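Below are the chains, spelled out letter by letter.
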Amino acid sequence: MTDEDSRFIDDAHRSRPATEASYGIPDDREGLLPWEFVGEKLAGDRSYWITTVRPDGFPHVRPTWGVWVDGAFHCGGGERTRWVRNLERNPDIVVHREDAAEVVILEGRAERLDEETADAELLESLEAAYEEKYDVRHGTPFFRVRPDVVFAWADFPTDATRWMFDEGP
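Cut-offs used in this document
- Residues numbered from 1 in each chain as written.
- Predicted model: local features only at pLDDT ≥ 70, side-chain atom pairs only at ≥ 80, totals over all residues.
- Heavy atoms only, no water.
- Helix = DSSP H or I, 4+ residues; strand = E, 2+ residues; numbered from the N terminus.
- Rg over C-alpha atoms; globule rule 2.2 N^0.38 Å.
- Phe/Tyr/Trp six-rings, centres within 6.5 Å; stacked < 30°, edge-to-face > 60°.
- Buried < 20%, exposed > 50% of the residue type's maximum accessible area, 1.4 Å probe, protein only.
- pLDDT = per-residue confidence, 0-100.
- Contact = heavy atoms within 4.5 Å.
- Lys, Arg positive; Asp, Glu negative; His and termini not counted.
- Salt bridge = Lys/Arg side-chain N within 4 Å of Asp/Glu carboxyl O.
- Polar contact = N/O pair within 3.5 Å; in protein donor to acceptor, adjacent residues only side chain to side chain.
- Core = buried A, V, L, I, M, F, W, Y, C linked by side-chain atoms within 4.5 Å.

*Asks:* Teacher, can you tell me more about the overall build of the protein here?
*Replies:* A tally of helices and strands in the protein yields four helices and nine strands. In sequence order, the protein lays out its α and β elements as α-β-α-β-β-β-β-α-β-β-α-β-β. For 169 residues, the compact-globule estimate of 2.2 N^0.38 gives 15 Å, and the C-alpha radius of gyration of the protein, at 16 Å, lies within 12% of that figure. With respect to the three principal axes, the spread of C-alpha positions in the protein is 45 × 40 × 30 Å.

Right under this line is the structure:
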C-alpha cells in the first residue's frame, strides 16, 4: 500500500451498506472486505461503466477504459465526447466494474487532470499506466475519481461493505 493509499483509506469509515432488512446484509462487522479488494479489482479490470449527468439532469452511462494509479481510479476521454462535456458542467460521477458478481462501485466527483491542472510527473504516470494496460498512450484530459462513498462485495450479502469518506484522496 502506498502512502497515498494509506492517507486515502485513513479518511474512510468502513461499515455495512444501509438497505432494507430483506436483503440479509449482516449487522456486524465480521466479513467486511478490506480496502485492498477495491484496488485489486479496479486495477485488474479492462473496462468500466461510468455514469455522468447530462445538462438536462438525465444520467448518461457508457463503458470506458481506466487505470488505478496512486490509490485512485483515473479515466479519460475526448473533449467533445458527451461524458467529458457532462463532467465540465457537473463533476458528479459513478464508476462500476463490468463484473456484477464481484462488485466495486465508486460514487463521487471527477477531478480534471491536464497540463494546466496536474504536474507533468502525474500525467506521465497515467500515460505509462495506459500504455502498459492498453498498449496505447492516452493523452489528456484524464479524470481522477474522488469518491464520497464506495460499495463492494464478492459474496453478497455476507461481505457487503461500504466506505464513506469525509474528503476524497
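*Asks:* It is not clear to me how the packing of aromatic side chains should be interpreted in this structure. Could you clarify?
*Replies:* Where two aromatic rings form a pair, the distance of their centres and the angle of their planes describe that pair. Counting across every chain of the model gives ten aromatic pairs. Taking 6.5 Å as the distance between ring centres and 80° as the angle between the ring planes, the aromatic pair formed by Y23 and F156 counts as edge-to-face. Of this pair, Y23 sits in the loop between strand 1 (12-15) and helix 2 (35-44) while F156 is found in the loop between strand 8 (142-153) and strand 9 (161-165), placing the two residues 133 residues apart along the sequence. Relative accessible area serves as the criterion here: at 44%, Y23 is assigned to the partly exposed category. Of the residues examined, F156 reaches a relative accessible area of 35% and is grouped as partly exposed. Ring centres 5.2 Å apart and planes at 80° place the aromatic pair W35 and W163 in the edge-to-face group. Placement of W35 in helix 2 and of W163 in strand 9 is noted, with a sequence separation of 128 residues between them. Aromatic rings pair up to connect W35, W68, W163 and F165 into one cluster.

*Asks:* Would you mind showing me how to read unusual backbone geometry here?
*Replies:* Cis rather than trans, the peptide bond between T140 and P141 has omega equal to 5°. The linkage connecting F156 with the following residue, P157, adopts the cis geometry, with an omega of 5°. Note that P157 resides in the loop between strand 8 and strand 9. Even without being a glycine, D70 presents a positive backbone phi close to 55°. Of note, the phi angle at D135 is positive, near 65°, even though the residue is not glycine. With respect to the helices and strands, D135 occurs in the loop between helix 4 (120-134) and strand 8. Overall, the relative accessible area of 70% leaves D135 in the exposed class.

*Asks:* Can you help me understand the confidence of the model for the protein in this one?
*Replies:* Do not read the fine detail of predicted coordinates wherever pLDDT is low. Residues of the protein with pLDDT of at least 70 account for 92%, and the chain-wide mean is 92. This stretch, residues 1-7, has a pLDDT under 50; its non-local contacts, to residues over four places away or in other chains, come to eight contacts.

*Asks:* Can you help me understand the side chain of E127 in this one?
*Replies:* Following the sequence through the fold, E127 ends up in helix 4. Buried charge E127 goes without a salt bridge, the closest partner of opposite sign being R137 at 4.3 Å. Here the side chain of E127 touches H138 through a polar contact of 2.6 Å, landing on its backbone nitrogen. Ignoring sequence-local partners within four residues, the contact set of E127 consists of R137, H138, G139, T140 and F142.

*Asks:* Which parts of the structure should I look at to understand the nonpolar core?
*Replies:* As a rule of thumb, nonpolar side chains are buried together in soluble globular proteins. Counting residues in each nonpolar core, the largest one holds 35 residues, and the members touching the most others are V38, V95, V104, L106, V150 and W163. The element contributing the most residues to this core is helix 4, with six residues. Dropping the residues within four chain positions of it, V38 is found in contact with W68, V104, V150, A152 and W163. In this structure, I25, I105, F151 and A160 belong to the second largest nonpolar core, which totals seven residues.

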